[in-house]
Amino acid sequence: MRRQLIAVLVILAIAWGGLAASFGNGYSPKLGLDLQGGISVILTAPEGTERDLLEVSTGIIRNRIENLGNVQEPEIAVSGERNVLVQLPGITDQEEALDIVGQTGQLTFRPVCDIQGVVDGFPVGVAPDVPDACSDLDIAEPGPEGFSEVDDPTVAQWLPERDDTGEVVATYLVAPASLSGADLANSTPDNTTGFWAVNLSLNDQGADRFAQLTGDAAGFVDGVHRRIAIVLDGEVLTAPPVANDVVPGVGIAGGSAQIGLGANGTEDEAVDLAVLLRYGALPVQLERSQLQKVSATLGQESLSTGVLAGGLGLVLVAIALVAYYRSLGLVAVIGLSVFGSLLILIYTALGEINGLNLTLAGVTGIIVAVGITADSYIVYFERVKEDLRRGMILDEAVTEGFQRAYRTILTADFVSMLGAVLLYALAVGPVKGFALALGIATALDLVVARWFTRNAVRIISRTGLGRSGLLSIERAARVTP
């Protein structure tokens, strides 16, 4: 009995003590988008897009979002044949994240041939002396708003530049692209001069192209600098002028350069531009086909509802178990609390280590798993009652009953685990959360049954709760001692 008592005390210390220590130190399960609010976006690729291209695009989008620095554990995955699911829980700036996610076109560097509008706070309406790349161009016909609706890097076209509110502040006539985001090796924000800028590093091929591009665009006429537009998804991100000291025909060599943001440039602008430059080039064009915003209030309501439903279910299960199984029912209630505590600890640990989020679907999976765990207790207790009715002594009934019941529990949990694995492997989005919760809880059910339930029942079978009294095991089995 001493060995069983030590085993029970150890698992209670791990479950209850670990949970108390976790909450006492401020650790708790990380919540998913549907429980804490955020946005969910589905991006769709053209028909016939290969899955490899979607996988590459997914990695680029993930890097881009994670480098924003204010998105908690984004979930970005290929969904179906040509969709990319992007879930951004707990974001502090939804519009900024949406803008970054929406920037899915190919990044290009294009010589500026003409400008109409306001650039750097000054109205512009006269073209600078155009670089050679702008000579004798066939210009794509602009749309009704004065600029092209579709970005085509192979032709000259008018493209817009927008301010923070989305209003068009200038339109640029740009030549065909001379450089793409694939030629960039890295981009980082910089403030060493006291003004924010973005440092560029190019690969070998990109360095040669950049030298050619800046060499063609170097120089200025009547005080007007020639510019190079950085275009993403059909819009001009920025169009910095070529510096005075760049020699025409030679350009900027060495594979590195700097984009200055001017005296009014901010750190946020530098960081965002660096992220877009570094992760802006996707191998396939993606369009936003579905958008869902979940407010923090709605997420909290979902969490509260799920917790309330689970709590009420536990109370009803506990009452039924105690009423029918007496002291065995008390073991089941304590065992369910151990099961729940360990499950919360596992989700907390996985959240800290791997960024696992608990979603509403996961809560549903946990509630279903509570029913599976309760079934395990019922299987065991019914075996004990059956053996007692056949005349077996209590100690033998408890031992033999568990051995036979555990085989049944293993079989049932194997089926549940198989279903959870298949769901997780084949499904996407919230269904994965359900499958993961079900799988973890099913495995935990086997551990609790083996190390807690078996030992706890053997302990009470050797006390008054086993052989006599209203709450005794034999009374529950309707067997007179």
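Numbering of residues starts from 1 in every chain and runs along the sequence as written. For this predicted model, a pLDDT threshold of at least 70 governs which residues receive local features, and a threshold of 80 or more governs which side-chain atom pairs are given and counted, while totals over whole chains, interfaces and linings are taken from all residues. The side-chain figures draw on all heavy atoms in the structure; neither hydrogens nor water molecules are used.

Draft legend 1. View of the overall build of the protein chain. The helix and strand inventory of the protein chain stands at 13 helices and 18 strands. Intrachain contacts of the protein chain at a sequence separation of at least 6 include 71% that bridge at least 24 residues. Each helix is a run of H or I in the DSSP string that is no shorter than four residues. Each strand is a run of E no shorter than two, and both are numbered from the N terminus. Two residues form a contact once any of their heavy atoms are found within 4.5 Å.

Draft legend 2. Local environment of the pattern of salt bridges. The working definition used for a salt bridge is a side-chain nitrogen of Lys or Arg within 4 Å of a carboxyl oxygen of Asp or Glu. Inspection of the entire model under this criterion finds six salt bridges. Ionic pairing is found between Arg82 and Glu47, a salt bridge with its closest N-O pair at 3.2 Å. Placement of Arg82 in the loop between β3 (75–79) and β4 (83–89) and of Glu47 in the loop between β2 (38–44) and α3 (51–66) is noted, with a sequence separation of 35 residues between them. Arg82 sits in the partly exposed class, given a relative accessible area of 28%. A relative accessible area of 65% places Glu47 in the exposed class. A salt bridge links Arg162 to Glu235; the shortest N-O distance between them is 2.8 Å. Residue Arg162 is found in strand β7 (residues 157–162), and its partner Glu235 is found in strand β15 (residues 235–238); the two are separated by 73 residues along the sequence. Linked through salt bridges whose partners overlap, the residues forming this network are Asp387, Arg390 and Arg404. Under the scheme applied here, a residue whose accessible area is under 20% of the maximum for its type counts as buried, over 50% as exposed, and between as partly exposed, the area being computed with a 1.4 Å probe on protein chains only.

Draft legend 3. Expanded view of the environment of Ile372. In this structure, Ile372 sits in helix α9 (residues 360–389). Separated by 66 residues in the primary sequence, Ile372 and Leu438 have C-alpha atoms spaced 9.5 Å apart. Apart from the residues lying within four places of it in its own chain, the contact partners of Ile372 are Asp413, Ser416, Leu438, Thr442 and Asp445.

Draft legend 4. Seen up close, the packing of α9 against helix α11 (residues 430–461). Helix axes are fitted to C-alpha atoms over the stretch in contact, other axes to C-alpha atoms as well, and angles between N-to-C directions run from 0 to 180 degrees. The N-to-C vectors of α9 and α11 enclose an angle of 30 degrees; their axes lie 8 Å apart at closest approach. Classified by the angle their axes make, α9 and α11 are roughly parallel. As for the relative orientation of α9 and α11, their crossing is right-handed in sense. Note that the term roughly parallel is reserved for angles under 35 degrees, roughly antiparallel for angles over 145, roughly perpendicular for angles of 65 to 115, and oblique for everything else. By definition, turning the near helix anticlockwise from the far helix through less than a right angle yields a left-handed crossing, and turning it clockwise yields a right-handed one.

Draft legend 5. Just the sheet that holds β4, in detail. In space, the four strands of this open sheet follow the order β3-β4-β2-β17, with antiparallel pairing throughout. Only two strands of the sheet have a single partner each, and these edge strands are β3 and β17 (287–294). The mean angle between the axes of side-by-side strands here comes to 15 degrees, regardless of whether they run parallel or antiparallel. Sheet analysis places β2 next to β4, joined by seven bridges and oriented antiparallel. Across the sheet, residue Gly38 finds its bridge partner in β4, namely Pro89. Pairing between strands is defined by DSSP: at least two bridges between them are needed.

Draft legend 6. Broad picture of the packing of aromatic side chains. Think of it this way: a Phe, Tyr or Trp ring, Trp meaning its six-membered ring, pairs with another when their centres are within 6.5 Å, and the plane angle makes it stacked under 30 degrees, edge-to-face over 60, tilted otherwise. Across all of its chains, the model carries six aromatic pairs by this definition. Ring geometry for Tyr377 versus Phe381: centroids 5.9 Å apart, planes at 40 degrees, classification tilted. With Tyr377 and Phe381 both in helix α9 and four residues apart, the pair spans about one turn of that helix. Arranged with centres 5.2 Å apart and planes meeting at 80 degrees, the rings of Tyr380 and Phe402 form a pair that is edge-to-face.

Draft legend 7. Local environment of the nonpolar core. Formed by 47 residues in total, the largest nonpolar core has its most connected members in Phe339, Leu343, Tyr347, Tyr380, Phe381, Val448 and Phe452. Broken down by secondary-structure element, the contributors of at least two residues to this core are α1 (2–24), α7 (296–325), α8 (327–354), α9, α10 (394–426) and α11. Among the elements that line this core, the one with the most residues is α11, at 11 residues. Once residues within four sequence positions are removed from consideration, Leu343 is found in contact with Ile366, Ile440, Ala441 and Leu444. Only buried Ala, Val, Leu, Ile, Met, Phe, Trp, Tyr and Cys residues count toward a nonpolar core, and they belong to the same one when joined by side-chain atoms within 4.5 Å.

Draft legend 8. Inspection of the sheet that holds strand β11 (residues 197–202) at higher detail. Strand order in the open sheet formed by three strands is β10-β11-β16, with antiparallel pairing between adjacent strands. Here the strands that pair on one side only, and so sit at the sheet edges, are β10 (184–190) and β16 (256–260). Across this sheet, the average inter-strand angle for adjacent strands is 20 degrees, counted without regard to direction. Pairing of β11 with β16 involves five bridges; the strand directions are antiparallel. Within β16, the residue paired with Asn199 across the bridge is Gln258.

Draft legend 9. α10, seen in detail. Here the expected length of a helix is defined as 1.5 Å per residue gap, with one fewer gap than residues. For α10, which comprises 33 residues, the first-to-last C-alpha distance of 47 Å matches the rise-based estimate of 48 Å (1.5 Å per residue) to within 8%. In this structure, the buried side of α10 is in contact with α9, α11, α12 (464–467) and α13 (473–476).

Draft legend 10. Highlighting the pairing of β10. Sheet analysis places β10 next to β11, joined by six bridges and oriented antiparallel. Bridge assignment links Thr188 to a residue of β11, and that residue is Asn199. The antiparallel hairpin formed by β10 and β11 contains six residues in its connecting segment, where Gly194 sits at a positive phi of about 95 degrees.

Draft legend 11. Focus on a nonpolar patch on the surface. Residues enter a patch when their relative accessible area is above 30% and they make no salt bridge; the linking distance is 9 Å between like charges and 5 Å between nonpolar side chains (Val, Leu, Ile, Met, Phe, Trp, Tyr). All accessibility values rest on the Shrake-Rupley procedure with a 1.4 Å probe; residue burial counts only the protein chains present in the view. Judged by side-chain polarity, Phe414, Val415, Leu418, Leu422 and Leu426 come together as a nonpolar surface patch covering roughly 550 Å² of accessible area. Within the secondary structure layout, Leu418 lies in helix α10.

Draft legend 12. Geometry of unusual backbone geometry. One non-glycine residue, Arg326, lies in positive phi territory at about 60 degrees. With respect to the element layout, Arg326 can be found in the loop between α7 and α8.

Draft legend 13. How the structure looks around a negative patch on the surface. When charges are counted, neither His nor the chain ends are considered; positive counts come from Lys and Arg and negative counts from Asp and Glu. The atoms used to mark charge sites are NZ of Lys, CZ of Arg, CG of Asp and CD of Glu. Together, Asp163, Asp164, Glu167, Glu267, Asp268 and Glu269 give the surface a local cluster of negative charge. Within the element layout of this structure, Asp164 appears in the loop between β7 and β8 (168–174).

Draft legend 14. View of α9. Taking 1.5 Å per residue as the helical rise, α9 with its 30 residues ought to reach 44 Å, and the 44 Å between its terminal C-alpha atoms agrees with that figure. Note on α9: the residue one or two positions beyond its end, Gly391, has a positive phi of about 100 degrees.

Nothing here speaks to function; it is all geometry.
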